[in-house]
Amino acid sequence: MKTLLVILAGGLLIFSEAMADDCPTPSIGLALGSGGAAGLAHIAMLGVFEELDLQPKQLAGTSIGAIIAVMHAAELDSAAIRDFFKEFGGSALDPLSGLGDGDNGPDWRDLLDINFNEGGLFDAGPFLEFLGEQFDAREFEALAVPVKVVATDYYSGQSHVFDSGELMPAIRASMAVPGLFKPVKMDGKLLIDGGTSNPLPHDLLEDVDLVVAVDVTGSRPKSDDDQPGLTDLLFKSFEIMQQSIIRARNAIQSPDIFIEVAAEDIRLMHFDRVDEVIEQSQAAADELREALREHLSCD
């Protein structure tokens with residue numbers, strides 16, 4: 001009898017392993033796009049991955065997407081990332097929340113750099129210093145998950161992809177929005193925001209079974225007076241450009257799962273509204289959850 005039980009147990013183990021082989025969990029590549037404060041929606045998307053106990057095998061990101069991709073790869077969960085932006089958005093380190101909207105936000109003028117010859121109003125240094133305090137990794141090689149960060153070579157117009165070396169200079173270059181942050185000089189190049197060349201870099205994800213891309217370039221609801229202000233006109237025009245690039249790239253190579261987040265009334269630098277952005281992202285998060293479940297199903 002004992003021998004029979006051992007044989008049966010062994011048979012069940014072999015059967016369960018065979019079933020698992022018939023329904024393996026696919027390797028996933030996750031691309032997080034640029035979009036300013038609307039990119040805080042990426043936090044909600046990471047929450048879905050955590051809920052389903054899924055870990056991307058690779059990450060690629062541009063601008064705010066690069067920042068959140070690096071934070072996730074540095075083993076910060078979605079709650080920690082959310083807390084970081086809540087603290088940043090409510091601190092004197094955030095000079096941008098009240099930009100051009102008349103809010104009584106932090107006094108950002110102390111951090112202004114009115115040297116137009118250097119190509120930007122703001123210094124990203126305080127933000128990057130605060131970001132660096134959140135994790136130990138200082139180089140790509142120290143991250144738990146491989147990440148590709150996209151910037152743009154100003155002179156050639158081509159994407160410049162970082163996947164090794166120091167993290168902070170790569171992030172600084174990827175988020176160098178023209179006119180707001182100074183371009184970054186590196187390796188003989190002048191680098192600006194990656195959203196100008198590849199705002200949603202799912203094409204950089206290789207050797208994975210499933211490619212997921214999250215577009216946070218948002219929407220532009222029509223205002224009552226039909227006349228956007230100067231800052232809205234500039235920033236939203238940048239978003240229109242990015243959406244055109246995304247559509248063109250998707251026509252050539254589309255991701256397996258494409259999620260569009262519609263964050264209304266969120267301006268480029270509204271980093272003090274993280275809870276609101278995440279709340280608005282729930283419909284997109286639900287869509288992502290169902291799409292992942294569908295792809296994971298073995299029916």
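Structural data are supplied above this passage.
Residues numbered from 1 in each chain as written. Predicted model: local features only at pLDDT ≥ 70, side-chain atom pairs only at ≥ 80, totals over all residues. Heavy atoms only, no water.

*Asks:* Explain the environment of Gly 165 residue by residue, including any values.
*Replies:* Locating Gly 165 in the fold gives a position in the loop between β5 (159–162) and α6 (167–174). Judged by relative accessible area, Gly 165 falls into the partly exposed class, the value being 26%. Here the alpha-carbon distance between Gly 165 and Ala 142, two residues 23 residues apart in the chain, equals 9.6 Å. Those residues in contact with Gly 165, other than ones at most four positions away along the chain, are Arg 138, Glu 139, Phe 140 and Glu 141. (Helix = DSSP H or I, 4+ residues; strand = E, 2+ residues; numbered from the N terminus. Buried < 20%, exposed > 50% of the residue type's maximum accessible area, 1.4 Å probe, protein only. Contact = heavy atoms within 4.5 Å.)

*Asks:* Explain the packing of aromatic side chains residue by residue, including any values.
*Replies:* Think of a pair of aromatic rings as described by two things: how far the centres are apart, and how the planes are tilted against each other in angle. Enumeration according to the criterion identifies 8 aromatic pairs in this entry. Aromatic pair Phe 85 and Phe 271: ring centres 6.1 Å apart, planes at 20°, arrangement stacked. Of this pair, Phe 85 sits in helix α4 (residues 78–89) while Phe 271 sits in the loop between β10 (257–260) and α8 (274–280), and the two are 186 residues apart along the sequence. Both residues of the pair, Phe 85 and Phe 271, belong to the buried class. Ring geometry for Phe 88 against Phe 271: centres 6.3 Å apart, planes inclined by 65°, an arrangement best described as edge-to-face. Of the two residues, Phe 88 sits in helix α4 while Phe 271 sits in the loop between β10 and α8, which places them 183 residues apart along the sequence. For the pair Phe 88 and Phe 271, one class covers both residues: buried. Pairwise contacts between aromatic rings join Phe 84, Phe 85, Phe 88, Phe 127, Phe 130 and Phe 271 into one cluster. (Phe/Tyr/Trp six-rings, centres within 6.5 Å; stacked < 30°, edge-to-face > 60°.)

*Asks:* Describe the pairing of strand β9 (residues 210–215), listing the residues and the values that go with them.
*Replies:* Among the 6 residues of β9, 6 are classified as buried, and the element is accordingly described as predominantly covered. A two-sided burial pattern is seen for β9, the buried positions comprising Leu 210, Val 212 and Val 214 on one face and Val 211, Ala 213 and Asp 215 on the other. Across 5 bridges, the pairing between strand β1 (residues 28–32) and β9 is parallel. Bridge pairing in β9 places Ile 28 opposite Leu 210. (Pairing = 2+ DSSP bridges.)

*Asks:* Please give an account of the pattern of salt bridges that cites residues and values.
*Replies:* Once the charged atoms of two side chains with opposite charge are near each other, the side chains can pair. Summed over the entire model, instances satisfying the criterion amount to 9 salt bridges. The closest approach of N and O atoms between Asp 275 and Arg 82, which form a salt bridge, is 2.8 Å. Linking Asp 275 in helix α8 with Arg 82 in helix α4, this pair joins segments that are 193 residues apart in sequence. Looking at Asp 275, the relative accessible area reads 32%, which means it is partly exposed. As a salt-bridge pair, Glu 206 and Lys 148 come within 3.8 Å of each other at their nearest N and O atoms. Of this pair, Glu 206 sits in the loop between β8 (189–193) and β9 while Lys 148 sits in strand β4 (residues 147–153), placing them 58 residues apart in sequence. Residue classification places Glu 206 among the partly exposed positions, given a relative accessible area of 46%. (Salt bridge = Lys/Arg side-chain N within 4 Å of Asp/Glu carboxyl O.)

*Asks:* Break down the nonpolar core for me, citing the residues and quoting the values.
*Replies:* Core analysis: the largest hydrophobic core is formed by 79 residues, its most contacted members being Phe 85, Leu 131, Phe 135 and Leu 292. Broken down by element, the residue count for this core peaks at 8 residues, all from helix α3 (residues 64–73). For Phe 135, the contacting residues outside a window of four places in its chain are Val 70, Met 71, Ala 74, Leu 76, Leu 167 and Met 168. Grouped together as the second largest cluster of nonpolar side chains are 10 residues, Val 150, Leu 204, Leu 205 and Ile 246 included. (Core = buried A, V, L, I, M, F, W, Y, C linked by side-chain atoms within 4.5 Å.)

*Asks:* Got a sec to walk through the packing of α4 against helix α5 (residues 125–132)? Specific residues and values, please.
*Replies:* Packed helix pairs are characterised by how far apart their axes lie and by the angle those axes make with each other. Between α4 and α5, the shortest axis-to-axis distance is 11 Å and the interhelical angle comes to 145°. At the point where α4 passes α5, the crossing takes the right-handed sense. Contact residues: α4 offers Phe 84, Phe 85, Glu 87 and Phe 88, while α5 offers Phe 127, Phe 130 and Leu 131. By residue class, the composition of the contact of α4 with α5 is 6 nonpolar, no polar and 1 charged. (Axes fitted to C-alpha atoms, helices over the stretch in contact; angles between N-to-C directions. Left-handed = near helix turned anticlockwise from the far one by under 90°. Nonpolar A, V, L, I, M, F, W, Y, C, P; charged D, E, K, R; others polar.)

*Asks:* How would you summarise helix α9 (residues 282–296) if you had to cite specific residues and measurements?
*Replies:* Between its first and last C-alpha, α9 extends 21 Å over 15 residues, near the 21 Å set by a 1.5 Å rise per residue. Listed as buried for α9 are Ala 284, Ala 285, Leu 288, Arg 289, Ala 291 and Leu 292. Buried positions along α9 lie against β1, α2 (41–51), β9 and β10. (Expected span 1.5 Å × (residues − 1).)

*Asks:* An account of the packing of α2 against α3 is needed here, citing residue identities and associated values.
*Replies:* In contact at an axis separation of 10 Å, α2 and α3 are set at 35° when each is read in the N-to-C sense. Both α2 and α3 take part in a crossing whose hand is right-handed. Only Gly 65, Ile 68 and His 72 of α3 make contact with α2, whose side of the interface consists of His 42, Ile 43 and Leu 46. Partitioned by chemical class, the residues of the contact of α2 with α3 number 3 nonpolar, 3 polar and no charged.

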